[in-house]
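Now for the letters of each chain:
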Amino acid sequence: MLKKPYITARTNVLCVIGHPIEHSMSPIMHNAALKDLSLDYVYVAFNIPPNDLKRAVLGFKMFSIKGINVTIPYKENIIPYLDEIDPLAEKIGAVNTIKNEGKYLIGKNTDASGAKKALLDAGCEITGKKALILGAGGAAKAVSFAISEDLDALYIANRTEKRAIKLAKDLTNKTAIKAIGKNMSINTLKNLLDEVDILINTTPLGMYPAIEESPISEEMLHNDLFVFDIVYNPLETKLLKEASKIGCKTLSGLDMFVNQGALAFEWWTGKKPNLNLMKEKVVEFLGKK
Ligand code: NAP
């Protein structure tokens, strides 16, 4: 039964923006949590064409949209339109959550804290360990800044090597780690994998519908690795299946996704959402797709 059956003239609006946006699980997850707490909010998705970002941001103020999630491709280029961003989001250079405080827009990055919490909750020891991150895009930035201070060594390997080198330089300049950027050739990955304790995939390789792809071949894995794949559709990617088969500890992207959403939810509403319910709804929806 609906706990808050009516959307009224007073209902608060939350949203996610991106381009495209039809695939987003955020409305399912947030609306379930809002209903569970009987909060007078509704969460919707807006597809914003690339040339309309600035006008969309003015729209948040005009329509009093209370909270906004930002996804691909706007996490970086939305920053100049915000009134304030928090220090971590500034370091990372990406914002995935905005709060509208009386037409004053504040940006945060909850992907970073969401990823770190997921790793720690899964029993992954980060302090003093060596990690290899695959990819150098927006998610790689958030994850690497989230864990870099605790690590002993951090390697970033990317298809486009210069992006990996740039991210590594940025991490080295802004945090205590001396990160190293590499290419993603088989030989490079083989050498790095022998050395590291934690492997994190932030590329879309293995994501639906390309579920037969994996960034790493099975024989390159060793069972001392903790393998975190931030992809959550499917819940168990080819990489995670193969890693778990040889005895690695593994973690899917679902917990990071739910954590980043829960942190945003609490910041906007002041209430703690039910994480298990949020997770359950995403899994249920993924099963139906
Ligand atoms: P992005 O900024 O577009 O970056 C994508 C990265 O993957 C780049 O480094 C790119 O390399 C690399 N890449 C793309 N296609 C590749 C291929 N065929 N082979 C090798 N490398 C490839 O995207 P993003 O925002 O970082 O998101 C990446 C993935 O993370 C997506 O699948 C997204 O759904 C997932 N994600 C999950 C969560 C979560 O909460 N679990 C949060 C954010 C993102 P180049 O530099 O060479 O192009």
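Residues numbered from 1 in each chain as written. Predicted model: local features only at pLDDT ≥ 70, side-chain atom pairs only at ≥ 80, totals over all residues. Heavy atoms only, no water.

What about the nonpolar core?
Here comes step 1: L119, L151, L154, I156, L171, I200 and F228 are the most contacted members of the largest nonpolar core, which has 33 residues in total.
Here comes step 2: Of all the secondary structure elements, the ones that give two or more residues to this core are helix 4 (110-121), strand 7 (130-134), helix 5 (138-147), strand 8 (153-157), helix 6 (161-174), strand 10 (198-201) and strand 11 (226-229).
Here comes step 3: With six residues, the top contributor of residues to this core is helix 5.
Here comes step 4: Among the domains, domain 1 (12-109 + 255-288) and domain 2 (112-252) are the pair contributing at least three residues each to this core. (Core = buried A, V, L, I, M, F, W, Y, C linked by side-chain atoms within 4.5 Å. Buried < 20%, exposed > 50% of the residue type's maximum accessible area, 1.4 Å probe, protein only. Helix = DSSP H or I, 4+ residues; strand = E, 2+ residues; numbered from the N terminus. Domains from an automatic or database assignment.)

What to know about the sheet that holds strand 1 (residues 12-18)
Here comes step 1: Strand order in the open sheet made by the six strands is 2-1-3-5-6-4, with mixed pairing throughout. At either margin of the open sheet sits one strand with a lone partner, and together these are strand 2 (41-47) and strand 4 (84-85). (Pairing = 2+ DSSP bridges.)

Quick look at the site of the ligand
Here comes step 1: Near the ligand there are 21 residues, and of these A136, A139, N158, T160 and R163 occur at the shortest range.
Here comes step 2: A distance of 2.9 Å separates an oxygen atom of the ligand from a polar atom in the backbone of G138.
Here comes step 3: Take A139: an N or O atom from its main chain is 2.8 Å from an oxygen atom of the ligand.
Here comes step 4: Here the ligand has 930 Å² of accessible area as a free molecule, and 78% of this is covered by the chains.
Here comes step 5: Residue assignment for the shell around the ligand shows that the elements contributing at least two residues are helix 5 and helix 9 (254-269). (Near = heavy atom within 4 Å. Polar contact = N/O pair within 3.5 Å; in protein donor to acceptor, adjacent residues only side chain to side chain. Areas by Shrake-Rupley, 256 points an atom, 1.4 Å probe, with all protein chains shown as cover.)

Topic: the packing of helix 1 (residues 26-36) against helix 10 (residues 275-288)
Here comes step 1: Where helix 1 contacts helix 10, the two axes come as close as 8 Å, and the packing angle between them is 140°. What the angle tells us is that helix 1 and helix 10 run oblique. Taken as a pair, helix 1 and helix 10 cross one another with a handedness that is right-handed. Every residue of helix 10 that contacts helix 1 at I28, M29, A32, A33 and D36 is listed here: L277, M278, K281, V282 and F285. (Axes fitted to C-alpha atoms, helices over the stretch in contact; angles between N-to-C directions. Parallel < 35°, antiparallel > 145°, perpendicular 65-115°, else oblique. Left-handed = near helix turned anticlockwise from the far one by under 90°. Contact = heavy atoms within 4.5 Å.)

Here we look at the packing of helix 1 against helix 9
Pairs of packed helices are described in terms of their axes, by the angle between the two and the distance that separates them.
Here comes step 1: Running from N to C, helix 1 and helix 9 point in directions that differ by 50°, and their axes come no closer than 11 Å. When the axis of helix 1 is compared with that of helix 9, the two are oblique. Like other packed secondary-structure pairs, helix 1 and helix 9 cross with a definite hand, here right-handed. Residue-level contacts link S26, M29, H30, A33 and L34 of helix 1 to F257, V258, Q260, G261, F265, W268 and T269 of helix 9.
Here comes step 2: For the contact of helix 1 with helix 9, the per-class residue count stands at seven nonpolar, five polar and no charged. (Nonpolar A, V, L, I, M, F, W, Y, C, P; charged D, E, K, R; others polar.)

Details of the pairing of strand 10
For a regular strand, the rule is simple: side chains alternate between the two faces of the sheet.
Here comes step 1: Of the two faces of strand 10, the one carrying I198 and I200 and the one carrying L199 and N201 are both buried.
Here comes step 2: Bridging between strand 10 and strand 11 involves four bridges; their strand directions are parallel. Following the sheet pairing, N201 is matched in strand 11 by D229.

A few points about the domain arrangement of the chain
Here comes step 1: When its domains are assigned, the chain resolves into domain 1 (12-109 + 255-288) and domain 2 (112-252).
Here comes step 2: On the side of domain 2, 21 residues touch domain 1, which itself brings 15 residues to the contact.
Here comes step 3: For the pair domain 1 and domain 2, the summed buried area comes to about 1600 Å², and 65% of that belongs to carbon and sulfur atoms.
Here comes step 4: Between domain 1 and domain 2 we count one salt bridge in total.
Here comes step 5: Here E76 ties to K141 by a salt bridge, and the two come within 3.2 Å at their closest N and O atoms.
Here comes step 6: Scanning the region where domain 1 abuts domain 2 turns up four residue pairs in polar contact (both at pLDDT 80 or more).
Here comes step 7: Of all the secondary structure elements, the ones that give two or more residues to the side of domain 1 that touches domain 2 are helix 3 (87-92), helix 9 and helix 10.
Here comes step 8: No other element matches the six residues that helix 9 contributes to the side of domain 1 that touches domain 2.
Here comes step 9: Considered class by class, the residues forming the side of domain 1 that touches domain 2 number eight nonpolar, three polar and four charged. (Buried area = accessible area lost by both parts, 1.4 Å probe. Salt bridge = Lys/Arg side-chain N within 4 Å of Asp/Glu carboxyl O.)

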